[in-house]
Amino acid sequence: MAREFQVTFDCADPAAVAGFWAEVLGYQVQPPPPPFGSWDEALEALGVPPQHRNDASALVDPEGHGPRLFFQKVPEGKTVKNRVHLDVRAAPGLQGEERMAALEAEADRLGSLGATRLARHDPAPPLDAGHLVMADVEGNEFCLD
């Protein structure tokens, strides 16, 4: 039986990193628990002090299919390459120059949100259709493919 899972990001600013990934993936911030109308209301009622209200954030797929993404504040910064990363499918079904043009267009859009382009890997048949390596607003690597 397959299990549900979430992907967890360690970061310095959970709200900012969650906001970036919400734009990348079309996800939304997980709604607060009932009966609260906002996270501020919920955290206030739960007694979370203001200085700890950005210690975590979570995103969910609005259609309920993808995994939950959780962002947790950690004291240390990122120092090495990720051992696990997300591959964002930005050009499904496209090949060759059309595929690379679609990836470049998405890289430009994400750059306007704070992403950094790290590398371009042109198609190398038969196995690699081409992809771009990017970094999010805190330097976490991901691929556009």
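The structure under discussion appears in the preceding block.
Rules behind the numbers
- What you see as residue numbers is a count from 1 along each chain, following the sequence as written.
- Local features in this predicted model are restricted to residues of pLDDT 70 or higher, and side-chain atom pairs are both shown and tallied only at a pLDDT of 80 or more, whereas totals for entire chains, interfaces and linings draw on every residue.
- As a rule here, side-chain values cover all heavy atoms of the structure and leave hydrogens and water aside.
- A cavity here means a set of 1 Å grid points, computed over protein atoms only, where a 1.4 Å probe fits but cannot escape. A pocket is an open set with protein on both sides within 12 Å along at least 5 of 7 lines, and lining residues have an atom within 4 Å of a point.
- Grid points are joined across faces, edges and corners, and a volume is the space filled by probe spheres set on the points.
- Where helices and strands are cited, they refer to DSSP runs of H or I of at least four residues and of E of at least two residues respectively, numbered from the N terminus.
- Three categories are distinguished: nonpolar for Ala, Val, Leu, Ile, Met, Phe, Trp, Tyr, Cys and Pro, charged for Asp, Glu, Lys and Arg, and polar for the others, with Gly belonging to the last.
- Note on terminology: a nonpolar core comprises buried Ala, Val, Leu, Ile, Met, Phe, Trp, Tyr and Cys residues joined through side-chain atoms within 4.5 Å.
- Each residue is assigned to one of three classes by its accessible area relative to the maximum for its type, calculated with a 1.4 Å probe on protein chains only: buried under 20%, partly exposed between the two thresholds, exposed over 50%.
- Contacts: residue pairs with any heavy atoms within 4.5 Å of one another.
- Defined by distance alone, a disulfide is two cysteine sulfur atoms within 2.5 Å.
- Planes of paired rings set the category: under 30 degrees apart is stacked, over 60 is edge-to-face and the rest tilted, where pairs are Phe, Tyr or Trp rings (Trp by its six-membered ring) whose centres lie within 6.5 Å.
- Strands qualify as paired when DSSP identifies two bridges or more between them.
- Angles run from 0 to 180 degrees between N-to-C directions of axes, and those axes are lines fitted to C-alpha atoms, restricted for helices to the stretch in contact.

Caption draft 1: Structural view of the layout of surface pockets. Computed from the structure, the largest pocket encloses a volume of approximately 460 Å³. Broken down by secondary-structure element, the contributors of at least two residues to the lining of the largest pocket are β1 (6-11) and β8 (141-144). With five residues, the single largest contributor to the lining of the largest pocket is β1. Considering only residue class, the lining of the largest pocket consists of 10 nonpolar, six polar and six charged. Taken as a whole, the second largest pocket holds about 370 Å³ of empty space. Along the wall of the second largest pocket there are 19 residues; nearest its centre are Trp 39, Arg 53, Ala 56, Ser 57 and Ala 58. Mapped by element, the contributors of at least two residues to the lining of the second largest pocket are α1 (14-25), α2 (39-45), β3 (56-60) and β4 (68-73). With four residues, the single largest contributor to the lining of the second largest pocket is β3. Across the lining of the second largest pocket, the residue classes break down as 10 nonpolar, five polar and four charged.

Caption draft 2: Region of the structure containing the nonpolar core. Ranked by internal contacts, the top residues of the largest apolar core, which has 23 residues, are Trp 21, Leu 59, Phe 71, Phe 142 and Leu 144. Only β1, α1, β4, α3 (96-111), β7 (131-135) and β8 provide two or more residues apiece to this core. Sort the elements by how many residues they give to this core and α1 lands first, with six residues. Phe 71 has contacts with Phe 9, Cys 11, Pro 14, Val 17, Ala 18, Trp 21, Asp 55, Ala 56, Ser 57, Ala 58 and Leu 59, leaving out every residue within four places of it along the chain.

Caption draft 3: Structural detail: the state of the cysteines. Counting across every chain of the model gives zero disulfides. The thiol of Cys 11 is unpaired, and the distance to the nearest cysteine sulfur, on Cys 143, comes to 20 Å.

Caption draft 4: Here's a closer look at the packing of aromatic side chains. Considering all chains together, one arrives at five aromatic pairs under this definition. The interplanar angle of 45° and the centroid separation of 5.6 Å between the aromatic rings of Phe 9 and Trp 21 together place this pair among those described as tilted. Of this pair, Phe 9 sits in strand β1 while Trp 21 sits in helix α1; the two residues are 12 residues apart in sequence, bridging distant segments of the chain. On the basis of relative accessibility, which here comes to 9%, the residue Phe 9 falls in the buried class. Among the aromatic residues, those joined into a cluster by ring pairs are Phe 9, Phe 20, Trp 21, Phe 71 and Phe 142.

Caption draft 5: Just the pairing of β7, in detail. In terms of burial, β7 is a largely internal element, five of the five residues being buried. Of the two faces of β7, both are covered, the one formed by His 131, Val 133 and Ala 135 as well as the one formed by Leu 132 and Met 134. Inspection of the sheet shows strand β6 (residues 116-121) paired to β7 by five bridges, in the antiparallel sense. By the bridge assignment, Arg 117 is partnered in β7 with Met 134. Two elements, β7 and β8, share four bridges in a ladder whose sense is antiparallel. By the bridge assignment for β8, Leu 132 is matched with Leu 144.

Caption draft 6: The arrangement of the sheet that holds β6 in detail. Spatial strand order, β5-β8-β7-β6: four strands in an open sheet with mixed pairing. Across the chains shown, the open sheet's two edge strands, defined by having one partner strand only, are β5 (86-88) and β6. Shown here is a sheet whose adjacent strand axes are inclined to one another by a mean of 25°, direction ignored. Sheet strands in contact with α1 are β5 and β8, and its direction is about 40° off that of β5. α3 contacts β6, β7 and β8 of the sheet and is inclined by roughly 10° relative to β7.

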